[in-house]
Amino acid sequence: MTAAAVAPPSAASQLPPSRAVAYERVLHRTVCRELRTLAELATWAPGDDADHTAALGRHAGLLVRVLLQHHRTERDLLWPALLRSVPAADAAAVRARVTRWADRCAGLDNDLRDLCTAARQWAVAQSAPARDRFALACLDLADALDAQTAEEERELLPLLAEHLPAEEWTAVTRAARCDLSARERLLVLGLVLEDASPGDRARLLSGLPRRTRLAWRLFGRDRYRAAVVRLRGAPPAH
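Here the structure is a predicted model, which is why all the values come from computation and not from measurement.

K.L.:
Explain the overall build of the protein chain here, please?
P.N.:
A tally of helices and strands in the protein chain yields nine helices and zero strands. The linear arrangement of helices and strands in the protein chain, starting from the amino end, is α-α-α-α-α-α-α-α-α. Computed over its C-alpha atoms, the radius of gyration of the protein chain comes to 19 Å, within 12% of the 18 Å expected for a compact globule of 238 residues. Each principal axis of the C-alpha atoms in the protein chain carries an extent, and together these give about 60 × 40 × 30 Å. Here the protein chain, with 238 residues, has 43% of them falling under the buried criterion. Carbon together with sulfur atoms contributes 55% to the accessible area of the protein chain, which is approximately 12,000 Å² in total. For the protein chain, the distance from the average position of its 34 positive side-chain charges to the average position of its 30 negative side-chain charges is 7 Å.

Structure, rendered in structure tokens:
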């Protein structure tokens with residue numbers, strides 16, 4: 001294969017089944033969806049409602065932590081595994097794409113930290129202007145994330161689907177560090193599964209440890225539903 005042949009297909013729907021691709025794609029959609037939901041919820045919230053302010057701020061902080069960890073895993077584990085897996089003739093072209101991704105992600109990570117700052121400022125000020133700044137930060141971050149992930153899904157995910165062996169993805173997931181509590185992990189799982197396609201849902205669940213799947217079935221789904229109702233005032237879409 002030549003470097004020119006690394007060009008990705010025109011649509012994400014053309015990607016073959018892959019746990020790595022399913023995870024990447026669904027996580028991107030989930031975080032963008034939740035950021036826009038947070039902006040909408042904040043817009044309707046009284047600026048001085050301390051309890052609601054704290055709940056929205058905690059959810060924003062969780063999303064920030066998830067995405068920062070996700071980017072760290074990509075940077076330290078996933079893209080190096082991809083570079084080891086592509087044919088030598090294509091390595092330079094793929095490395096250039098990974099470098100562009102890293103440059104964009106550096107700015108995005110700063111925006112993520114700025115969102116946490118906006119949430120803290122709202123919690124302290126308890127005012128409508130601080131609330132509105134938080135909502136705008138959520139929307140701006142969602143727009144930036146949409147643009148960054150669209151490029152990533154166009155340029156890098158097809159390469160994962162084509163070149164990354166399943167055992168390499170398994171090694172990445174085992175080596176990845178996760179700072180979330182067990183409760184937070186089940187909440188994030190619920191967010192990710194909420195509007196995943198049946199195929200992506202099956203691939204994601206099949207890649208989880210058996211104990212995690214069991215915890216999700218026994219109590220994770222009910223806890224997730226309750227958490228969503230408290231946050232949004234309505235149950236999950238699915």
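K.L.:
What is the right way to look at the pattern of salt bridges in this model?
P.N.:
Oppositely charged side chains can pair when the atoms bearing their charge come close. The full count for this structure, using the stated rule, is 19 salt bridges. For Arg36, the salt bridge is made with Asp146, and the minimal N-O distance between the two is 2.6 Å. With a gap of 110 residues between them, Arg36 in helix H1 (residues 19–44) and Asp146 in helix H4 (residues 128–155) connect regions that are remote in the sequence. Residue class for Arg36 comes out partly exposed when judged on its relative accessible area of 31%. Residue classification places Asp146 among the partly exposed positions, given a relative accessible area of 34%. In the salt-bridge network here, residues are joined through shared partners; they are Arg33, Glu34, Glu194, Asp195 and Arg232.

K.L.:
Would you mind going over the side chain of Thr73 with me for this structure?
P.N.:
Note that Thr73 resides in helix H2 (residues 50–85). The contact partners of Thr73, leaving out residues within four places of it in the chain, are Leu78, Val172 and Ala176.

K.L.:
Mind showing me how you'd approach the nonpolar core here?
P.N.:
Grouped burial of nonpolar side chains is what soluble globular proteins tend to show. Ranked by internal contacts, the top residues of the largest apolar core, which has 46 residues, are Leu35, Leu56, Leu115, Trp122, Phe134 and Leu145. Elements with a minimum of two residues in this core: H1, H2, helix H3 (91–125), H4, helix H7 (182–194) and helix H9 (210–232). Considering each element in turn, this core owes the most residues, nine residues, to H1. With residues up to four places along the chain from it excluded, the contact list for Leu145 reads Val31, Cys32, Leu35, Leu67 and Leu108. In terms of nonpolar packing, the next biggest core, distinct from the first, is built from 20 residues, Ala81, Val94, Val98 and Leu156 among them.

K.L.:
Looking at this structure, how should I read the packing of aromatic side chains?
P.N.:
When we look at a pair of aromatic rings, we describe it by the centre distance and by the angle of the planes. Evaluated as defined, the whole model comprises four aromatic pairs. Their ring planes at 35° and their centres at 5.3 Å tell us that Trp122 and Phe134 sit as a pair that is tilted. With Trp122 in helix H3 and Phe134 in helix H4, the pair connects residues that are 12 residues apart, well separated along the chain. The residues Trp122 and Phe134 share a single accessibility class, namely buried.

K.L.:
So what exactly am I meant to see when it comes to H2 here?
P.N.:
Note that an α-helix has 3.6 residues per turn; residues three or four places apart therefore point the same way. Look at H2: 50 Å from first C-alpha to last across 36 residues, which is about the 52 Å you get at 1.5 Å a residue. The sharpest bend along H2 reaches about 45° and sits at Glu74. Capping the start of H2, Asp49 holds a side-chain oxygen 3.3 Å from the backbone nitrogen of Asp51, two or three residues further along.

K.L.:
What is the right way to look at the environment of Arg36 in this model?
P.N.:
Spatially, the C-alpha atom of Arg36 lies 13 Å from that of Asp132, the residues being 96 residues apart in sequence. Apart from residues lying up to four places away in sequence, Arg36 is in contact with Leu139, Ala142, Asp143 and Asp146. Side chain to side chain, Arg36 and Asp143 meet in a polar contact 2.9 Å long.

K.L.:
Is there a simple way to think about H7 in this case?
P.N.:
The first and last C-alpha atoms of H7 sit 18 Å apart over 13 residues, in line with the 18 Å expected at 1.5 Å per residue. Regarding H7, the residues found buried are Leu186, Val188, Leu189, Gly190, Leu191, Val192, Leu193 and Glu194.

K.L.:
How do you make sense of the confidence of the model for the protein chain when you look at a structure like this?
P.N.:
Parts of the model with low pLDDT should not have their predicted coordinates read in detail. Here the protein chain averages 89 in pLDDT, while 92% of its residues score no lower than 70. Contacts for the low-pLDDT stretch residues 1–15, under 50 throughout, to residues beyond four places or in other chains number 26 contacts.

Quick notes on the rules
Residues numbered from 1 in each chain as written. Predicted model: local features only at pLDDT ≥ 70, side-chain atom pairs only at ≥ 80, totals over all residues. Heavy atoms only, no water. Helix = DSSP H or I, 4+ residues; strand = E, 2+ residues; numbered from the N terminus. Rg over C-alpha atoms; globule rule 2.2 N^0.38 Å. Buried < 20%, exposed > 50% of the residue type's maximum accessible area, 1.4 Å probe, protein only. Areas by Shrake-Rupley, 256 points an atom, 1.4 Å probe, with all protein chains shown as cover. Lys, Arg positive; Asp, Glu negative; His and termini not counted. Charge placed at Lys NZ, Arg CZ, Asp CG, Glu CD. Salt bridge = Lys/Arg side-chain N within 4 Å of Asp/Glu carboxyl O. Contact = heavy atoms within 4.5 Å. Core = buried A, V, L, I, M, F, W, Y, C linked by side-chain atoms within 4.5 Å. Phe/Tyr/Trp six-rings, centres within 6.5 Å; stacked < 30°, edge-to-face > 60°. Expected span 1.5 Å × (residues − 1). Bend = angle between axes of the 7 residues up to and from the residue. Polar contact = N/O pair within 3.5 Å; in protein donor to acceptor, adjacent residues only side chain to side chain. pLDDT = per-residue confidence, 0-100.

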